[in-house]
Amino acid sequence: MMILTSIEVGKSEPVVTEPVAGPPTAAEPTKKVVWFVRHGQSTANVVGHGAHTDPTHRDALLTDLGIAQATSLQEVVHTWHPDHIIISPLRRAIQTACYAFSNADTVPWTVNPLCTEKWSECEENKGHRLSVLRQDVTLLELPMFTGNQWSTSHDLECEWWMIANDKSRYK
């Protein structure tokens, strides 16, 4: 099951809503709504804890079910009219965004490693450098990956997956 959660921004304190199953209501023009979408089922999700140490699950991809889950989000996310899409550089997150937001080709996308898993020692959370992602056959099949001008918030030619695990960044 995909989980959608929103946080209203623009008040003195953010208001966290419960996960929802249906489409959101239209945002008022004076406030921003931030929606968080978890990736669809990945190959590592199927294997479970064994994927944590199995190098064949490094930067795990979506399963067929995960692709179906992400594609099913199109019905919901098209009502959001996003101003910006920010995603993790992990391949399962890129796939989920490309399937779910396949009609958001005029919206800026930013790849940000701070939006990734916090357990970088697990194989499924060890990503790939941007130069490797740009040659990934699975990602190259996605029109939103190849046709979109993505920006990055960090240097993705380093071991960016270690950034999220760096506790000194959160002080």
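For the structure, see preceding data.
Just so we're clear, the structure is a prediction, and the values are computed from it rather than from any experiment. (Residues numbered from 1 in each chain as written. Predicted model: local features only at pLDDT ≥ 70, side-chain atom pairs only at ≥ 80, totals over all residues. Heavy atoms only, no water.)

Observations concerning helix α2 (residues 64-72)
Let me state the cut-off plainly: The rule is simple: take the accessible area with a 1.4 Å probe, protein chains only, and divide by the maximum for that residue type; under 20% is buried, over 50% is exposed, in between is partly exposed. Under the DSSP-based scheme used, a helix requires at least four consecutive residues in state H or I and a strand at least two consecutive residues in state E, with every element numbered from the N terminus. It is the directions from the helix axis to the C-beta atoms that the arc portrays.
Listed in full, the buried residues belonging to α2 are Gly66, Gln69 and Ala70. What you see down the axis of α2 is that its buried residues fit within an arc of 95°, all on one side.

What about the sheet that holds strand β4 (residues 85-87)?
Quick reminder of the rule: By this definition, two strands are paired if DSSP reports at least two bridges between them. Axis angles are defined between N-to-C directions and span 0 to 180 degrees, where every axis is a line fitted to C-alpha atoms and, for a helix, only to the segment in contact.
Taking strand neighbours across the sheet as the criterion, the 3 strands line up as β4-β5-β6 in an open arrangement whose pairing is parallel. Lying at the two open borders of the sheet, with one neighbouring strand each, are β4 and β6 (150-152). Sheet twist, expressed as the average angle between the axes of neighbouring strands with direction ignored, equals 30°. Looking at chain direction, strand β5 (residues 109-111) and β6 are connected through 3 bridges and run parallel. The partner of Val111 across the bridge, within β6, is Thr152.

Here's the deal with helix α4 (residues 91-100)
For α4, a buried count of 9 out of 10 residues is recorded, marking the element as mostly surrounded by other parts of the structure. Of the residues making up α4, those classed as buried are Arg91, Arg92, Ala93, Ile94, Gln95, Thr96, Ala97, Cys98 and Ala100.

Focus on the environment of Phe101
Operational definition: Any two residues having at least one pair of non-hydrogen atoms within 4.5 Å are treated as being in contact.
For Phe101, the position within the fold is in the loop between α4 and β5. Put simply, Phe101 and Ile85 are 16 residues apart on the chain and 8.8 Å apart in space, counted from C-alpha to C-alpha. With near-sequence residues (within four places) excluded, Phe101 lies in contact with Val77, Trp80, Pro82, Ile85, Trp109 and Met144.

Side note on the environment of Lys118
One can find Lys118 in the loop between β5 and α5 (130-133). Owing to a relative accessible area of 30%, Lys118 belongs among the partly exposed residues under this scheme. As a C-alpha pair, Lys118 and Trp161 span 43 residues in sequence and 8.5 Å in three-dimensional space.

Quick word on the pattern of salt bridges
Defined as follows: Throughout this description, the term salt bridge denotes a Lys or Arg side-chain nitrogen within 4 Å of a carboxyl oxygen of Asp or Glu.
This structure, assessed with the given rule, holds 4 salt bridges. Ionic pairing is found between Asp59 and Arg91, a salt bridge with its closest N-O pair at 3.6 Å. On the criterion of sequence distance, the pair formed by Asp59 in the loop between α1 (43-47) and α2 and Arg91 in helix α4 is long-range, its members being 32 residues apart. With respect to class, Asp59 is no different from Arg91; both count as buried.

Section: unusual backbone geometry
Despite not being glycine, Asp59 shows a phi value in the positive range, around 50°. When its relative accessible area of 0% is taken as the criterion, Asp59 is described as buried. Even without being a glycine, His81 presents a positive backbone phi close to 50°. Looking at the element boundaries, His81 is found in the loop between α3 (74-77) and β4.

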